[in-house]
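Overview (structure and organization)
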Amino acid sequence: MTFAHSSIAAPALNYAVQNVKGETVNLSEFAGKVVYVDFWSSWCGPCRKSFPWMNEMHAKYAVKGLAVVAINLDVEPELAAQFLTKLPASFPVRYNPEGDVARSFDLQGMPSSFLFNRQGELVQQHVGFYDDKKALYEQEIQQLLVE
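This structure is a prediction, so every number in the text was calculated from the model and none was measured. Residue numbers here run from 1 along each chain, matching the order of that chain's written sequence. Note on the predicted model: pLDDT of at least 70 is required for a residue's local features to be given, and 80 or more for side-chain atom pairs to be given and counted; whole-chain, interface and lining totals, by contrast, use all residues. To obtain the side-chain values, all non-hydrogen atoms of the structure were used and water was disregarded.

Examining the packing of aromatic side chains
Note the threshold: Whether two aromatic rings pair depends on their centres lying within 6.5 Å, for rings of Phe, Tyr and Trp, where Trp uses its six-membered ring; planes under 30 degrees apart make the pair stacked, over 60 edge-to-face, and the rest tilted. Each helix is a run of H or I in the DSSP string that is no shorter than four residues. Each strand is a run of E no shorter than two, and both are numbered from the N terminus. With a 1.4 Å probe rolled over the protein chains alone, any residue whose accessible area is under 20% of its type maximum counts as buried; one over 50% counts as exposed, and the rest are partly exposed.
Under the definition given, this model contains 13 aromatic pairs. Considering the side-chain rings of tryptophan 40 and phenylalanine 83, the 4.6 Å spacing of their centres and the 40° angle between planes classify their relative orientation as tilted. On the criterion of sequence distance, the pair formed by tryptophan 40 in strand S3 (residues 34-40) and phenylalanine 83 in helix H2 (residues 77-86) is long-range, its members being 43 residues apart. Across the pair, phenylalanine 83 and tryptophan 40 agree in class, each one buried. When the centroid spacing of 6.3 Å and the interplanar angle of 75° are considered together, the rings of phenylalanine 105 and phenylalanine 116 count as edge-to-face.

Below you can see the structure in the form of structure tokens.
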């Protein structure tokens, strides 16, 4: 059995991103919660479907310990702001215009979501967002919330 070198980045909750004010914050602020991290961009068509669903998950499960965090990858902040005007987020939005965090997560498409358990371990990941899989996505969240 071989293991990746520790110098290689991997999906985790210890990356620095920016908040809406441009201040550097760390994803570790959500430690101890079940964390659904979603990478998105303003040009992403499926993201228009995932945002209402993420709002619904946040409304249903935040009190049970779910943190939904959407990380925007647009280089131009105005594009993200325009998107959020049409599809507001009731959950935290963070920004990574440099794309270094996205590279560390080795994104394969947009949106890409990563689900972490309360111990900060990656347990699920999905490329894209599909209406016919919403029940599966929610079930994965529910399972982690009861652990």
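Having put the structure on the table, let's press on.
A look at the side chain of serine 112
Heads up, the condition is: Pairs of N or O atoms within 3.5 Å make up the polar contacts considered here, provided that, within protein, one atom can donate a hydrogen while the other can accept it, and that residues adjacent in sequence are counted only when both atoms are side-chain atoms. Note on contacts: a residue pair is in contact if any heavy atoms of the two residues lie within 4.5 Å.
Structurally, serine 112 is set in strand S6 (residues 112-116). At 2.6 Å, the side chain of serine 112 and the backbone oxygen of glycine 109 are in polar contact. With residues up to four places along the chain from it excluded, the contact list for serine 112 reads Val37, Asp38, Phe39, Leu107, His126 and Val127.

A look at the environment of asparagine 26
Looking at where asparagine 26 falls in the secondary structure, it is placed in strand S2 (residues 24-26). Linking asparagine 26 and tyrosine 15, residues eleven residues apart in sequence, is a C-alpha distance of 5.5 Å. For asparagine 26, the residues in contact, after removing those within four places along its chain, are Leu13, Asn14, Tyr15 and Ala16. Within the local environment of asparagine 26, its side chain forms a polar contact with the backbone nitrogen of serine 28, the two atoms lying 2.9 Å apart.

Observations concerning helix H4 (residues 134-146)
Which entries qualify depends on this criterion: The length a helix should cover is 1.5 Å for every residue beyond the first. The arc in question is formed by the directions pointing from the helix axis toward the C-beta atoms.
Taking 1.5 Å of rise per residue, 13 residues should cover 18 Å, and H4 covers 19 Å from first to last C-alpha, within 8% of that figure. Those residues of H4 that fall on the buried side of the exposure criterion are Tyr137, Glu138, Glu140, Ile141, Leu144 and Leu145. Axial view of H4: buried residues confined to an arc of 155°, hence all on one face. Counted as exposed and oriented over 90 degrees from the buried face of H4: Ala135 and Val146. Buried residues along H4 sit in contact with S3, helix H1 (47-61), strand S4 (66-72), S6 and strand S7 (122-127).

Considerations on the side chain of serine 41
Tracing the backbone through its elements, the reader meets serine 41 in the loop between S3 and H1. Not counting chain neighbours up to four residues away, the residues in contact with serine 41 comprise Cys47, Asn72, Leu73, Asp74, Phe83 and Met110.

Describing unusual backbone geometry
Note that the residue after methionine 110, namely proline 111, is joined by a cis bond; omega there is -10°. Relative to the elements of secondary structure, proline 111 occurs in the loop between helix H3 (100-104) and S6. One non-glycine residue, aspartate 106, lies in the positive phi region at around 55°.

Description of the state of the cysteines
For clarity, the cut-off: The criterion for a disulfide is a pair of cysteine sulfur atoms lying within 2.5 Å.
Per the counting criterion, the structure on display carries one disulfide. A disulfide bridge connects cysteine 44 with cysteine 47, and the sulfur atoms are separated by 2.3 Å. Its S-S torsion of about 90° marks the bond between cysteine 44 and cysteine 47 as right-handed, since a negative value means left-handed. Cysteine 47 carries the same exposure label as cysteine 44, and that label is buried.

Remarks on H2
Among the residues making up H2, those that are buried are Ala80, Phe83 and Leu84. The buried residues of H2 all sit within an arc of 95° when viewed along its axis, so they share a single face. Across from the buried face of H2, at angles greater than 90 degrees, the exposed residues are Thr85 and Lys86. Buried residues in H2 make contact with S3, H1, S4 and strand S5 (93-95).

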